[in-house]
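Examination of the molecular architecture
Residues per chain are reported as follows:
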Amino acid sequence: MTMQTVHGGVAAGYEAVIGLEVHAQLLTRSKMFCPCSAAYTKAPPNGNTCVVCLGMPGVLPVINREAVEMTVRTALALACEIPAFTKFDRKNYFYPDLPKGYQITQYDLPLSLNGHLEFSLDGERTRCGITRVHLEEDTGTMQHAGDVLQEATSSLVDLNRAGVPLMEIVGEPDLRSADAAREYLVRLRQILMYIGVNDGNLEQGSLRCDANVSVRRVGATELGTKVEVKNMNSFRAVHRAIGYELQRQVGVLEAGGALVQETRGWVETRGATISQRSKEMAHDYRYFPEPDLPPLQLSRETVEEIRAAIPELPQARAARFSEQYGLSAYDASLLTATQADADAYEAVVSAGVTAKVAANWQMGDVAALANEHHLALAESGLGVAGLAALLELVESGAINGPTAKELLTELYVGGGDAAALVSERGIGRVSDQSALATIVDQVIAANPQACDDFRGGKTQALGRLVGQVMKATGGRADAALVNSLLRERLSG
Amino acid sequence: MPLSPEEVAHVATLARLGLSDEEKRRIGAELDLILEHISALQRADISDVPETAQVGNLVNVWREDEPAQSLHQEQALAEAPDTDGQYFKVGAIQE
Amino acid sequence: MTTAGLTAAEMAAALRRGEVTPRQLLDDARAQVDRLDGSLNAFLARTDELADRQALRAAEMLRADAPAASPLCGIPVALKDVLCVEGYPTTAGSRILDGFRPPYTATAVQRLLDVGAVPVGKTNCDEFAMGSSTENSAFGPVGNPWDVERVPGGSSGGSAAAVGAGMVPISYGSDTGGSIRQPASLCGVVGYKPTYGRMSRYGLIAFASSLDQVGPFAHTVADAAAAYVAVAGHDPRDSTSLPDDVDDPGALLQRGVAGMRLGVPREYMGEGLEPGVRARVTEAIAVLQKLGANIEEVSLPSTDLGLSTYYIIAPAECSSNLARYDGVRYGRRVERPSLTDTLMRTRGEGFGNEVKRRVMLGTYALSSGYYDAYYRRAQKVRTLIAREFDAVFESVDALVCPTSPKVAFTQGAIQDPIQMYLNDALTIPVNLAGLPGISVPCGFSDALPVGLQVIAPRLCDARVFQVAGAYEQATGWHARRAPMVAAA
Ligand SMILES: [Mg+2]
Ligand SMILES: [Zn+2]
């Protein structure tokens, strides 16, 4: 691997021009135009279909209002404008996974326009324009006997996914490296999950990403030949595919070749994009207004209601965290990675735990346990309240750090009442005067030399004595109290 | 101007209509006549006339997001020319 | 003594007097079909089990509460084969749907079943409702009850002939550019096309979505009104169906036209009308004047653009609506080694000439480089045509004019597509503007029926019935039956 793919940039003298087209399935209960469930994976093949999504003769679509609102919510979260008038159109093409022979989508008057997404890349603010966010319907799925399409003898069609609400988020070609593309997608996914419109699953395709990739000589104003890259099913794939494609294009140009405008598929196993040039069945989608669906006119009030319901978005929340809780930008972004994490943190802090202490534990031991058990804090036996209770014991001095760590590990899965366990096992901090006094006297008796050294002015000798007391109490003695007891007796 | 044989063939491909050469020739000629007959459209004064896609004057017609029972697999497949019992079966895609 | 040829109102009265039962009406209807359909070919399929069940159900409903029962309760009806009936063959007159049995029932049909109507069968029609003669059916042409050598008009020719031949008193068709009114005119029956959005299109196999409307055929305006009321009204499954309640035309049927302002569009009386048609329609207008209507000539200057507009918009929509017939989920499929060849052959062999012609025309009109010149332009002219109707309805309450420029012509006589399209020149603008329109019998030319068309503003469906009803009651045409109706 060369430097270029490490940073996902291009060779000196060239500039990468990348735009992402993201399709996101909406988390509605029913499909876009029929009442079939939008949770299409549970049913047997073609068992999540009705006459409407099967495209039977004579059926008609009816718009799912929630899907419209989720799309508007997304558009607003991406700073888009919501035009007063929008409509659906038909995109005509033939494919066995497209039951009606057309996809109901939006062409010239989409639900939203002109937004942007900001994110920081290597500490720099980066902004990528959002051309539009529109609403359409998903297609069915196909399996090809013989997994290489070209060698398939027959294909199987499952229409369970056909008609699931699908949002298309078209980004401007503002991205200049594979890193930027990946970060854009990470941030976009985070927002979609924050506002509850998508589950962010790239592997299973509920979130899908295509990339338009081209390179041009630095300083050139016109765009280079655009290649559309598909089949990227993870952040890693997106990063590698774009990095590969940038290198490939520069390579072609450097070799004096010319690039063809085409669609290329990322093949994970080969770590390369390969051309999907199809026996050209000329594409001409013949868009026209969907006559079966009246247009939409969203009132300002409706739009503002939807805007008001949008939760605090990750970036704003991270900014507030560093502001309000005095956290570093890095810590703040870690703690706001998901809405659940951020909510947990604020719950713990509002329960009285010091912001910094809560942050360290949540980013450290809690995160480690969550990983180890694939179990988020909220779902764990400990729970958010449990963590708060445990950390309060630490802060009140009732238990020390090592004890808290042991309890955390134990309670995370099993659950239980930290305070109860502490007293029941007597593992609380020893801060009882008389109990410590006896131990202190024993230590003084057993270490005459150290005592003389201290009296002789070697104050560091006190440290040794404290250490002995700690040893005797299994580290649970209240260090401050031990200190004063020793001084009191030795300066007697 | 009349449609070229290539245009007729292209349109037939877009429409996925398998036409014999005789059909292409005949339909091509008929399309020429029809397009000629409706060329009156081109003379109509439509400067700043809005388009009419629908005549119902309706907006915001939608349903609430409530799922309902779907068909069973065998009902969905009942009318299909070819299935494997679970999926609709089609020939190999050679595009 | 058979009940065949009676009006639905006469049958309903006999049912309530206990003189007949739904069963007898059904048997008479079947006997009439058996006797005449060999020469007419009006039916593509019988819905016998359903009819038997409905006859029983209707008897129950009448026994339970006859006064409350619908006027269609126990009445035999026929359904154009573009209306889906669960479990029964529904072909839209196309080979590509030969043997198809939909797993669901159209809303319009369901409403008929709910009021106890008795569906005798599915009627023949032009393939996917594309045509004006019913000669484009993949299952053979339909004869006209007044002369079986002639066409019944189209595309709902089977439904028109079924009523004209006294097989059923009421049938349903669909009207995209005249497909109910024109065959009604040619078969000497009443045919009604409601305001766009009045009748649910759910379960109506689509031809051109923005123009299609379901509507009834009957012997009388009153029967047509009852048949309309039984099915009209909002359907949440059809997003283009109108929410407003349907006003019952019943009250207006007797009101007459005294003082009403009726317009006669100059462009609808121009050349292209057969002399016999012009004469009958002129007489009909004189009758309305005698009844106290103020007749004035009006102008709809863009009328001649209607046909051109229609022959862009309708084919464009149909090219998309018919894309679903790919032989994957239902319908006939012609197997070939590759998917693409299978698709091309399936559609190439499954569709007939007229359908292929319109799919080609519509695909072309929408294809890149031509959209603005054809489709977008047609949509704008559509606005002009609608505005001209709005303008004339400022000064008149309704329009009266011929339905069809011709009486029934001989089968095979018209080969040139454009000559065929011209049959709908006077009905198409009504669909483009989404208006209600009716064709009511207004006499004969060379022993062949002529129809008078009444057109009203959007949502003024009741007014159409009012004018047509007044005319009908002042004349005896609705009582005339084709000679074949009475058993030999
Ligand atoms: Mg899309
Ligand atoms: Zn469905």
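Residues numbered from 1 in each chain as written. Chains lettered and ligands numbered in written order. Predicted model: local features only at pLDDT ≥ 70, side-chain atom pairs only at ≥ 80, totals over all residues. Heavy atoms only, no water.

Details of the overall build of chain B
The helix and strand inventory of chain B stands at 4 helices and 2 strands. For chain B, the sequential pattern of α-helices and β-strands runs α-α-α-β-α-β. Computed over C-alpha atoms, the radius of gyration of chain B comes to 22 Å, more than 25% over the 12 Å expected from 2.2 N^0.38 for 95 residues, which places it beyond the range of a compact globule. C-alpha atoms of chain B, sized along the principal axes, occupy 55 × 45 × 20 Å. (Helix = DSSP H or I, 4+ residues; strand = E, 2+ residues; numbered from the N terminus. Rg over C-alpha atoms; globule rule 2.2 N^0.38 Å.)

Overview of the coordination of the zinc ion (ligand 2)
All names here are of chain A. At 2.3 Å from the zinc ion (ligand 2) lie its protein donor atoms, namely Cys34 (SG), Cys36 (SG), Cys50 (SG) and Cys53 (SG). Because the angles between the 4 donor atoms bound to the zinc ion (ligand 2) fall within 102 to 118°, the donor set is best described as tetrahedral. In primary-sequence terms, the residues that donate to the zinc ion (ligand 2) follow C-x1-C-x13-C-x2-C. Across the pair, Cys36 and Cys34 agree in class, each one buried. (Donors = N, O, S within 2.8 Å, 3.2 Å for Na, K, Ca; no water. Tetrahedral: all angles 85-135°; square planar, octahedral: opposite > 155°, others 65-115°. Buried < 20%, exposed > 50% of the residue type's maximum accessible area, 1.4 Å probe, protein only.)

Here we look at the nonpolar core
The biggest cluster of nonpolar side chains holds 205 residues, and the ones touching the most others in it are Phe128, Tyr172 and Phe389 of chain C. Considering every element that reaches this core, the biggest residue donor is helix H12 (residues 372-395) of chain C, with 10 residues. Leave out the neighbours within four places in its chain, and Phe128 of chain C touches Ala92, Ser94, Ile96, Leu97, Ile205, Phe207, Leu322, Tyr325, Phe351 and Val355 of chain C. Grouped together as the second largest cluster of nonpolar side chains are 69 residues, Ala16, Leu78, Val133 and Val303 of chain A included. (Core = buried A, V, L, I, M, F, W, Y, C linked by side-chain atoms within 4.5 Å. Contact = heavy atoms within 4.5 Å.)

Here we look at the environment of Ile242 of chain A
Residue and element names in this part refer to chain A. Locating Ile242 in the fold gives a position in helix H4 (residues 235-254). For Ile242, a relative accessible area of 0% gives the class buried. Residue contacts for Ile242: discarding those within four places in its chain leaves Ile18, Leu20, Ala178, Ala181, Ala211 and Val213.

Structural notes on the coordination of the magnesium ion (ligand 1)
Under perfect tetrahedral coordination by four donors, a metal shows angles of 109.5 degrees; under perfect octahedral coordination by six donors, it shows angles of 90 or 180 degrees. All names here are of chain A. Looking at the magnesium ion (ligand 1), one finds its protein donor set to be His23 (NE2), Glu136 (OE), Glu136 (OE) and Glu168 (OE), positioned 1.9 to 2.7 Å from the metal centre. Along the chain, the residues donating to the magnesium ion (ligand 1) are arranged with the sequence spacing H-x112-E-x31-E. Separated by 113 residues along the polypeptide, His23 in strand E1 (residues 14-25) and Glu136 in strand E7 (residues 124-137) bring together distant segments of the chain. Each member of the pair, His23 as well as Glu136, carries the same accessibility label: buried.

Brief notes about the sheet that holds strand E8 (residues 294-298) of chain C
Residues and elements named next belong to chain C. Taking strand neighbours across the sheet as the criterion, the 11 strands line up as E1-E3-E2-E4-E6-E5-E10-E11-E9-E7-E8 in an open arrangement whose pairing is mixed. Each end of this open sheet is capped by a strand with a single partner; those strands are strand E1 (43-46) and E8. Going from strand to strand, the sheet's axes swing by 30° on average, the running direction of each strand aside. The pairing of E1 with strand E3 (residues 118-123) spans 3 bridges and is classified as antiparallel. Considered in E3, the bridge of Arg46 is made with Gly121. Running over the sheet, helix H3 (residues 48-65) touches E1 and E3 and is turned about 160° from E3. With respect to the sheet, helix H15 (residues 461-474) is in contact with strand E5 (190-193), strand E7 (261-265), strand E9 (398-402), strand E10 (437-445) and strand E11 (448-455), its orientation differing from that of E10 by roughly 20°. (Pairing = 2+ DSSP bridges. Axes fitted to C-alpha atoms, helices over the stretch in contact; angles between N-to-C directions.)

Considerations on the interface of chain C and chain B
Each side of the interface is counted separately: chain C has 60 residues, and chain B has 51 residues. Of all residues in chain C, the largest losses of buried area upon contact with chain B belong to Leu339, Met360 and Arg377 of chain C, amounting jointly to 13% of the total for that side. The tally of links between chain C and chain B comes to 4 salt bridges. Put simply, chain C and chain B have 21 residue pairs in polar contact (both at pLDDT 80 or more) between them. Within the residue set of the side of chain C that touches chain B, elements represented by two or more residues are helix H9 (303-321), helix H10 (339-350), helix H11 (353-366), H12, helix H13 (417-421) and helix H14 (428-433) of chain C. By residue number, the principal contributor to the side of chain C that touches chain B is H12 of chain C, which donates 12 residues. A class-by-class count of the residues in the side of chain C that touches chain B yields 29 nonpolar, 18 polar and 13 charged. (Buried area = accessible area lost by both parts, 1.4 Å probe. Salt bridge = Lys/Arg side-chain N within 4 Å of Asp/Glu carboxyl O. Polar contact = N/O pair within 3.5 Å; in protein donor to acceptor, adjacent residues only side chain to side chain. Nonpolar A, V, L, I, M, F, W, Y, C, P; charged D, E, K, R; others polar.)

Considering the layout of surface pockets
Size it by volume and the second largest pocket reaches roughly 900 Å³. Among the secondary structure elements, those contributing two or more residues to the lining of the second largest pocket are strand E15 (288-289) of chain A together with H12 of chain C. The residue inventory of the lining of the second largest pocket, partitioned by class, reads 22 nonpolar, 7 polar and 11 charged. (1 Å grid on protein atoms, 1.4 Å probe; cavity = no way out; pocket = protein on both sides within 12 Å on 5 of 7 lines; lining within 4 Å. Points joined across faces, edges and corners; volume = space filled by probe spheres on them.)

Some points on the sheet that holds strand E11 (residues 207-217) of chain A
Residues and elements named next belong to chain A. Spatially, the 8 strands line up as an open sheet ordered E6-E7-E10-E1-E11-E12-E13-E14, and their pairing is mixed. Here the strands that pair on one side only, and so sit at the sheet edges, are strand E6 (112-121) and strand E14 (272-275). Each strand of the sheet is rotated relative to its neighbour by a mean of 30°, with strand direction disregarded. As defined by bridge partners, E1 adjoins E11 across 11 bridges and the pair is classed as antiparallel.

Don't take any of this as a statement about function, it's just geometry.
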